[in-house]
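Observations on chain architecture
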Amino acid sequence: MYQYIKKIKHKVMFKIKLWEMDRLWELMGGSCWGLFPPSFYYTHTEEEIERITKETIESCKKMLDEFMEQAKQRVANEKKKQNEKKRKAEKPLPHNPLSPMPKMKAGAVRNDKGEDTGKPR
């Protein structure tokens, strides 16, 4: 019975130690540089580590490829919208906005009744 309790205590202490290592690894920025926390390497065999690493890298590459494809589509859509805006802006106006107003002869000023007042403009 004593041996059994000693094994349980050892397992619990080992788990606590792994947890502390993982926390320190995370606090020191290890999650930016390492693929897995230290406890992963203590609890898996070399073959499992290699297999899981390959699977993880493949899934990351797949996500990256999907992201790049979506980004290319967004860029293409934006270019398309900009080209449409340019085409709309390039449509000729019915008149030349920079030409002076046509000269008109001054006519008589009319009153509210529509009669000529005889005064030139």
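As a starting point, this report considers the structure included with it.

Each helix and strand in the protein chain was counted, giving four helices and two strands. Tracing the protein chain from N to C terminus, the helices and strands come up as α-α-α-α-β-β. Looking at the protein chain as a whole, 8% of its 121 residues qualify as buried. Of the contacts formed within the protein chain by residues at least 6 apart in sequence, a portion of 8% connects residues at least 24 apart.

Another aspect to go through is the side chain of aspartate 22. If you trace the backbone, aspartate 22 turns up in helix α1 (residues 2-27). No salt bridge is formed by the buried aspartate 22; the nearest opposite charge belongs to arginine 23, separated by 9.3 Å. Once residues lying within four places of it in the same chain are set aside, the contact partners of aspartate 22 are Pro37, Pro38 and Ser39.

The end-to-end C-alpha separation of α1 is 37 Å, in line with the 38 Å expected for 26 residues at 1.5 Å each. Downstream of α1 by a residue or two, glycine 29 has a phi angle that is positive, lying close to 85°.

Looking now at the packing of aromatic side chains. In the structure shown here, the tally under the stated rule is four aromatic pairs. Residues phenylalanine 14 and tyrosine 42 carry aromatic rings whose centres are separated by 6.4 Å and whose planes lie at 80° to one another, so their mutual orientation is edge-to-face. Placement of phenylalanine 14 in helix α1 and of tyrosine 42 in helix α3 (residues 38-43) is noted, with a sequence separation of 28 residues between them. The exposure class assigned to phenylalanine 14 is partly exposed, which follows from its relative accessible area of 35%. Consider the rings of phenylalanine 36 and tyrosine 41, whose centres lie 6.4 Å apart with planes at 70°: the pair is edge-to-face. A relative accessible area of 14% means that phenylalanine 36 is categorised as buried. Judged by its relative accessible area of 40%, tyrosine 41 is partly exposed.

Procedures and definitions
- Throughout this description, residue numbers start from 1 for each chain and increase along the sequence as written.
- Local features are withheld for residues below a pLDDT of 70 in this predicted model, meaning they are given only at 70 or higher, and side-chain atom pairs are given and counted only at 80 or more; totals for whole chains, interfaces and linings count all residues.
- With hydrogens and water set aside, each side-chain value is computed from the structure's full complement of heavy atoms.
- Each helix is a run of DSSP H or I of at least 4 residues and each strand a run of E of at least 2, with the numbering of both proceeding from the N terminus.
- Buried means the residue's accessible area, taken with a 1.4 Å probe over protein chains only, is under 20% of the maximum for its type, while exposed means over 50%, and partly exposed covers the values in between.
- It only takes one pair of heavy atoms within 4.5 Å for two residues to be counted as in contact.
- Charge convention: Lys and Arg are scored as positive, Asp and Glu as negative, and His as well as the terminal groups of each chain are ignored.
- Criterion for a salt bridge: a side-chain nitrogen of Lys or Arg within 4 Å of a carboxyl oxygen of Asp or Glu.
- Helix span is expected to be 1.5 Å times the residue number reduced by one.
- Any two of the Phe, Tyr and Trp rings considered here, Trp counted by its six-membered ring, make a pair once their centres fall within 6.5 Å; the pair's planes then place it as stacked at under 30 degrees, edge-to-face at over 60, or tilted in between.

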